[in-house]
Amino acid sequence: MRTPVFIVASLIVAAVVYGLARLAGNDYVFFAGYVILQFVVLATAWNILGGYCGYVNFGSAAFFALGAYTTVALVKLPNLAAKYLPEGLASVIAAAVPPPIPVLMLAGGVIAGLVGLGTGYLTLRLRGVFFAIATLALAVVLQTLIVNWDYVGGSRGAYVIRPQVHALTGINYVEYLFVMMLLLSVTALTVARAIERSQLGYGFATIRDDELAAEASGVPTLRLKLVATTISGALMGMAGAPFPYYIGYLEPASAFGLAYAVNSIAMPMIGGTTSWVGPLLGALLLGTLQQIATVTISSAVSLLLVGLLLVAFVVIAPNGLLGLFDKLRQRIGAARASGGNARTGAA
Amino acid sequence: MTIPVELFINALIAGILLGGFYAAVTVGVSISFGILDIVNIAHPAFVILGSYIAYIVNQRLGVDPILTAIMVLPAFYALGAMVYQVYYVSFEKRGQEALRGLAFFFGLLFVTEVTLILVFGVDYRYVHAAYIDQTIRFGAFDLPMRMLIPCVIALMLLGGLQLFLTKTYTGRAIMAVAQDQMALQLMAADPVRIKRIAFALSIATAAIAGALLIIIQPVEPSVGREYIGRVFAICVLGGLGSLPGTVIGAMLLGIMESLTATFYGPSWAPAVAFGFLLLTLAFRPSGILGR
Amino acid sequence: MSAPLLRVENVGKRFGGFIALEGINLDVANGERLGLIGPNGSGKSTLVNCLCGTLRNEIGRVSFEGRALDGLPAHQRTRLGMARSFQLPRPFTSLSVAENLRVPLLYTVKARSGITHAGADLDARCHDLLALVGLESKATKRPRDLTQVEMRKLELARAMASDPKLLIADEAMAGLSQSEVNDIVALLIRMNERGVTIVLIEHIMSAVMSFSQRLVVLVSGRKIADGKPDDVIRDAEVERAYLGQ
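All residue numbers refer to position in the chain's written sequence, counted from 1. As they are written, the chains are lettered A onward and the ligands numbered 1 onward, keeping that order. Given that this is a predicted model, residues contribute local features only at a pLDDT of at least 70 and side-chain atom pairs are listed and counted only at 80 or more, while totals for whole chains, interfaces and linings are drawn from all residues. Side-chain metrics in this entry use all non-hydrogen atoms of the structure; hydrogen atoms and water are not considered.

Help me understand the overall build of chain C, please; the structure alone is not making it clear to me.
The number of helices and strands found in chain C is 9 helices and 10 strands. The atom set for the radius of gyration is the C-alpha atoms, and the globule formula is 2.2 Å times the number of residues raised to the power 0.38. Taken against the 2.2 N^0.38 rule, which gives 18 Å for 245 residues, the C-alpha radius of gyration of chain C at 18 Å falls within 12% of a compact globule. Dimensions of chain C along its principal axes, counting C-alpha atoms only, are 55 × 40 × 40 Å. Nonlocal contacts in chain C, meaning residues at least 24 apart in sequence, comprise 66% of its contacts between residues at least 6 apart. Counting every atom, chain C has about 10400 Å² of accessible surface; 49% of that belongs to carbon and sulfur. The averaged location of the 28 negative side-chain charges in chain C is 5 Å from the averaged location of its 32 positive side-chain charges. Secondary structure counts use DSSP, requiring at least four H or I residues in a row for a helix and at least two E residues in a row for a strand, with both numbered from the N terminus. Contacts between residues were defined by any pair of non-hydrogen atoms, one from each residue, lying within 4.5 Å. Using a 1.4 Å probe, the Shrake-Rupley method yields the accessible areas, and only the shown protein chains count as cover for residues. Charge assignment in this entry is limited to Lys and Arg as positive and Asp and Glu as negative, and neither His nor the chain termini are counted. Where a charge sits is defined by one atom per residue type, namely NZ (Lys), CZ (Arg), CG (Asp) or CD (Glu).

In structure tokens, the structure reads:
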């Protein structure tokens, strides 16, 4: 399937998902669906660096929070303008704020992408584990900065008023956010799939397999790694941008929640890291499971489930669900090939 | 700005004492990451586990946390041996330690933290001991016992481990793992067994560090996360795998944090470690004492 | 006499206090088949790594087609036309044999020419390379399904896929049987006949002697002999330091 065809196909799927969600006639579906879609984007973004290039990012929450706080900073811009700028200019800014969600997503994406690029630039010359450790550090540094930055609410947090309905379309605002996240998911999956099938995808795979051999084959490994950290970071930031509107009240602890970091890693690992299907599968399964467990038991138990599944999968099924499916298919294929006779080579 | 000298010196003292304690939290990672090349980011979670064990025993039986830690050392050692066995079979042997090994430890960290939340909630827990509220005073300078005792115990722990690593056969074999596996085989030692012993030992130190932590400050399950950055910052700062380097790195970080907290406010302190780690990684990855 | 393809001038490299290479001077002429020998730890691999940009040489300079290479990262040297194979084969394990060859085709040949090769053209080149080393039947296999000698052939084919002017083959035959060694030597000579200059680093003397037109000997980081193979192995210093150990 060529990329334009894939985009059309996934838009159709997205439309069907939206239609079904509307049919349910319950706002909770949009609330819960938004969270799951957010994880689809985060998991896909994580996998572009983690799954394709083999570099572990523990700081997904930081990139997500960067997107969210970019939104807060932009939404609060009129306050700042009223204080420091001449009235005419201030009223122009007040009129332009709050910008529509897609603009906020772009802004969050640019900021998070730049931070991704910077982190990569500082650490990617070192061994892979140092990059992983640096991303852990990055999350804490950013959180400290935000906690101490009064303009975006500091440790108290910031209110972002969510309109009841979306002015342009007249639909419920949460529904609108859901649609936006649905479109972002399509974007993220399209990007991931396009990378997989392009020259870039080959380059990423060689980095994961053997960087020295990749360099010797003419692959500019450092540049490709920077491309990956930037794209991955930008997508995470985009996923975070609408979050203040979704939650209404953003505080550092929720934006930097460990749940984001864990889920971004667990979902691709459980789904399978070698293809765009893996993170999607993992996010849908784990996201749904968590929503159910949160409602029926508690959010702590749902997080415990994710952690346990992550450990279980990396130990028992290193290639995730996709790997298990592959094995199953091979077995069935082998069983067929032997024509039901003694299963010689089936195992 | 003029800095009051007494405030400065008190902050310095507090930093040194804090640094000593940091060395105890870090020494496990110095062994697992620095010597064995196992990126155990779950180490702080084991430290918190140690804190909670010290808390329960102290609350139920009134036993001193340090005594409890010494009693549970074998259990932590066994736990460490078990974790290494899983790690070895699942990742090291298959050559997949980079991506999946890291995810494994991250999962362990997370599972431990959430389990503690489920059992104990997110309230801060603390221990009782006679010395915790005492302070030795030299004029204007304070030496609070709840900081001094952990620092002394930590230095004893590190000294003991250093002796073990340099003077005993097993210890030297552990150091040889870092250099090369060939030398180890020439010593007729089984590298997997040596690494298991070393890793188990690294987890055992978490029991002690955990007890020290809960003497110093009240503990809740997510406190461990703050220590991930500290521990790796110190490890890298001190040069990987060197225990004296660990002590120096820990002291430096303790002093920097203490000064930051005194002069800029405690909310900035966490960023010091991490900021320092980022800078060290970027500009001097072999550590400040490295070549 | 035309300018050499590769010129190494006074190259030195140390690791801490250990001097790995010292004052290496070496010219490699276009189209030449050069053998490079020396005992273990003599600095052969360090020299290869310095030439290819994997390591930085602190002292001296390396130039290729008259162009100084100092500080150029490995992938750019490959693009200029210097390819290498690794001592222990380092295939891309998650890619098929044919895809392994596609990587240099995409990242060097395409990048160098600036021409967007059609997919069919890339496939044709892949096939040509597989035919050259005799791995056509393994195109869709993963590297882990290959035998030792097939893995070496893949390693050489991947180096050739970048369409190099100079190929540095680092111990391409260690651990192979005599007939397999002959196989690889014949392959290297075939590559040379296609116009590729080859530097062969090797321990197996029969292979070196039948392959090389010129022989260079390294001992303890220094070049102690350079000349016609038959003369070099009769050199007293070489015999003492290396062959007669």
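Explain the pairing of strand 7 (residues 166–170) of chain C here, please?
A regular strand places its side chains on the two faces of the sheet in alternate fashion. Residues and elements named next belong to chain C. Judged by how many residues are buried, strand 7 sits mostly within the fold: 5 of 5 residues are covered. Here strand 7 shows no split at all, with Leu166, Ile168 and Asp170 on one side and Leu167 and Ala169 on the other all buried. Note on pairing: DSSP must find at least two bridges between two strands before they are called paired. Note that strand 6 (residues 82–85) and strand 7 share 4 bridges and pair parallel. Bridge pairing in strand 7 places serine 85 opposite alanine 169. The path from the first strand over the helix to the second decides the hand: if it runs clockwise while the strands point away from the viewer, the crossover is right-handed. Following the chain from strand 7 across helix 6 (residues 178–193) to the adjacent parallel strand 8 (residues 197–201), one finds a crossover that is right-handed. Each residue gets one of three labels from its accessible area relative to the maximum for its type: buried under 20%, exposed over 50%, partly exposed in between, using a 1.4 Å probe on protein chains only.

Where do I start with the pattern of salt bridges in this structure?
Pairs may arise between side chains of opposite charge once their charged atoms sit close together. All names here are of chain C. Whenever Lys or Arg places a side-chain nitrogen within 4 Å of a carboxyl oxygen from Asp or Glu, that contact is recorded as a salt bridge. Counted under the stated rule, the structure contains 24 salt bridges over all chains. The closest approach of N and O atoms between lysine 13 and glutamate 58, which form a salt bridge, is 3.3 Å. Of this pair, lysine 13 sits in strand 1 (residues 6–15) while glutamate 58 sits in the loop between helix 1 (44–52) and strand 4 (59–64); the two residues are 45 residues apart in sequence, bridging distant segments of the chain. Several salt bridges converge on common partners, so that one network encompasses Glu32, Arg214, Lys223 and Asp226.

Teacher, can you tell me more about the interface of chain A and chain B here?
In many analyses, interface size is given as the accessible surface area lost on bringing the parts together. Counting residues at the interface gives 41 residues for chain A and 41 residues for chain B. Computed with a 1.4 Å rolling probe, the buried area is the accessible surface lost when two parts are put together, summed over both parts. Together chain A and chain B conceal approximately 3700 Å² of surface at their shared face, both sides included; 83% is due to carbon and sulfur atoms. The largest contributions to the chain A side of the interface with chain B come from Phe130, Ile133 and Leu258 of chain A, which together make up 15% of the buried area. Our count for the contact surface shared by chain A and chain B stands at 0 salt bridges. Each polar contact in these results corresponds to two N or O atoms within 3.5 Å; when the atoms are within protein, one needs to be able to donate a hydrogen and the other to accept it, and residues that are neighboring in sequence are counted only if both atoms are side-chain atoms. Where chain A touches chain B, the interface holds 2 residue pairs in polar contact (both at pLDDT 80 or more). Of all elements in the fold, only helix 2 (27–53), helix 6 (101–123), helix 7 (128–147), helix 14 (258–271) and helix 16 (299–316) of chain A reach the threshold of two or more residues within the side of chain A that touches chain B.

What is the right way to look at the domain arrangement of chain A in this model?
Residue and element names in this part refer to chain A. For the domain bounds, the source is a domain assignment made automatically or taken from a database. When its domains are assigned, chain A resolves into domain 1 (3–316) and domain 2 (320–347). Centre-to-centre, using C-alpha coordinates, domain 1 lies 37 Å away from domain 2. Interface of domain 1 and domain 2: buried area, both sides summed, is about 490 Å²; carbon and sulfur atoms make up 82% of it. On the domain 1 side of the interface with domain 2, the three residues burying the most area are Gly271, Leu281 and Phe313, jointly 51% of the side's total. Where domain 1 packs against domain 2, one counts 0 salt bridges. Broken down by secondary-structure element, the contributors of at least two residues to the side of domain 1 that touches domain 2 are helix 14 and helix 15 (277–296). Examining the composition of the side of domain 1 that touches domain 2, we find that 4 residues originate from one element, helix 15, more than from any other. In terms of residue class, the side of domain 1 that touches domain 2 is made up of 6 nonpolar, 4 polar and no charged. Side-chain classes are defined by residue name, with Ala, Val, Leu, Ile, Met, Phe, Trp, Tyr, Cys and Pro counting as nonpolar, Asp, Glu, Lys and Arg as charged, and the others, Gly among them, as polar.

Would you mind going over the side chain of threonine 246 of chain B with me for this structure?
Turning to its location among the elements, threonine 246 of chain B is positioned in helix 10 (residues 243–264). Those residues within four positions of threonine 246 of chain B in sequence are excluded, and the remaining contacts are Ala23, Thr26, Val27, Ser30, Leu158 and Ile234 of chain B.

Help me understand the side chain of glutamate 92 of chain B in this model?
All names here are of chain B. With respect to the helices and strands, the residue glutamate 92 is situated in helix 3 (residues 65–92). Engagement of the side chain of glutamate 92 in a polar contact is seen with the side chain of tyrosine 84, the distance being 2.7 Å. For glutamate 92, the side chain forms a polar contact with the side chain of lysine 195, separated by 3.1 Å.

How should the packing of aromatic side chains be read in this particular structure?
Working definition: an aromatic ring pair is given by the centre-to-centre distance plus the angle between the planes. Think of it this way: a Phe, Tyr or Trp ring, Trp meaning its six-membered ring, pairs with another when their centres are within 6.5 Å, and the plane angle makes it stacked under 30 degrees, edge-to-face over 60, tilted otherwise. In total, this model carries 32 aromatic pairs over all chains according to the counting rule given. Plain terms: the ring middles of phenylalanine 21 of chain B and tyrosine 227 of chain B are 6.1 Å apart, the flat faces sit at 85° to each other, and that makes the pair edge-to-face. In this pair, phenylalanine 21 of chain B is assigned in helix 1 (residues 5–35) and tyrosine 227 of chain B in helix 9 (residues 223–237), connecting sequence segments 206 residues apart. For phenylalanine 21 of chain B, a relative accessible area of 0% translates into the label buried. Judged by relative accessible area, tyrosine 227 of chain B falls into the buried class, the value being 5%. An aromatic cluster is present here, built from Phe31, Tyr34, Phe39, Phe64, Phe243, Tyr246 and Tyr260 of chain A joined pairwise through their rings. Charge-over-ring contacts are defined here by two conditions on Lys NZ or Arg CZ: a distance within 6 Å of the ring centre and an angle within 35 degrees of the ring normal. One Lys or Arg, arginine 230 of chain B, reaches over the ring of tyrosine 227 of chain B and ends 4.8 Å from the middle of that ring. Across from the ring centre of phenylalanine 211 of chain C, 5.5 Å away, lies the NZ or CZ of arginine 33 of chain C, which sits over that ring.

Explain the packing of helix 1 of chain B against helix 10 of chain B here, please?
In helix packing, the relevant descriptors are the interaxial angle and the interaxial distance, both defined with respect to the helix axes. All names here are of chain B. Between N-to-C directions, angles cover 0 to 180 degrees, with each direction set by a line fitted to C-alpha atoms, over the stretch in contact for helices. It is the contact of helix 1 with helix 10, at a shortest axis distance of 6 Å, that shows an interaxial angle of 140°. The orientation of helix 1 with respect to helix 10, classified from their angle, is oblique. Note that helix 1 runs across helix 10; the crossing there is right-handed. Tallied by class, residues from the contact of helix 1 with helix 10 come to 18 nonpolar, 9 polar and 1 charged. Comment on the angle field: the value is read as roughly parallel under 35 degrees, roughly antiparallel over 145, roughly perpendicular from 65 to 115, and oblique elsewhere. Two helices crossing with the near one rotated counterclockwise from the far one by less than a right angle form a left-handed crossing, whereas a clockwise rotation gives a right-handed crossing.

Please explain the environment of glycine 107 of chain B as it appears in this structure.
Structurally, the position occupied by glycine 107 of chain B is in helix 4 (residues 97–120). Take glycine 107 of chain B: its relative accessible area is 0%, and that puts it in the buried class. A sequence separation of 167 residues divides glycine 107 of chain B from phenylalanine 274 of chain B, and the C-alpha atoms of the two residues are 21 Å apart. Apart from the residues within four sequence positions on either side, glycine 107 of chain B is in contact with Leu310 and Val311 of chain A.

Looking at this structure, how should I read the sheet that holds strand 9 (residues 214–219) of chain C?
Hydrogen bonds along the backbone pair up the strands of a sheet, which may run parallel or antiparallel. Residue and element names in this part refer to chain C. Spatially, 6 strands are ordered 6-7-8-3-9-10 in an open sheet, and the strand pairing comes out mixed. Strands with a single pairing partner mark the edges of an open sheet, and in this sheet they are strand 6 and strand 10 (222–227). Strand-to-strand twist in this sheet, taken as the mean axis angle between neighbours without regard to direction, amounts to 15°. For strand 3 (residues 33–37) and strand 9, the ladder comprises 4 bridges, and the chain directions are parallel. Note that in strand 9 the partner of glycine 35 across the bridge is leucine 215. Taken strand by strand, helix 5 (residues 148–161) contacts strand 6 and strand 7, and its axis lies near 170° from that of strand 6.

Quick question: what am I supposed to make of the packing of helix 5 (residues 145–167) of chain B against helix 6 (residues 169–179) of chain B here?
Residue and element names in this part refer to chain B. At their nearest, the axes of helix 5 and helix 6 sit 5 Å apart, and the two run at 85° to each other. Between helix 5 and helix 6, the crossing angle belongs to the class labelled roughly perpendicular. Between helix 5 and helix 6, the residues in contact are Phe164, Leu165, Thr166 and Lys167 and Tyr169, Thr170, Gly171, Arg172, Ile174 and Met175, respectively. Per-class residue counts for the contact of helix 5 with helix 6 are 5 nonpolar, 3 polar and 2 charged.

Would you mind going over unusual backbone geometry with me for this structure?
For residues other than glycine, phi is negative in most cases, and the peptide bonds are mostly trans. Look at aspartate 37 of chain B: it is not a glycine, yet its phi comes out positive at around 65°. Its location among the elements puts aspartate 37 of chain B in the loop between helix 1 and helix 2 (43–61). Its identity as a non-glycine residue notwithstanding, asparagine 10 of chain C has a phi of 55°, on the positive side. Within the fold, asparagine 10 of chain C resides in strand 1. Judged by its relative accessible area of 41%, asparagine 10 of chain C is partly exposed.

Looking at this structure, I do not really get the sheet that holds strand 2 (residues 18–28) of chain C. What am I missing?
Residues and elements named next belong to chain C. Read across the open sheet, the 4 strands follow the order 2-1-4-5; overall the sheet is antiparallel. Two strands close off the open sheet at either side, each with one partner strand: strand 2 and strand 5 (67–68). Here 7 bridges tie strand 1 to strand 2, and the two strands are oriented antiparallel to one another. Note on strand 2: the bridge partner recorded for phenylalanine 15 is phenylalanine 18.

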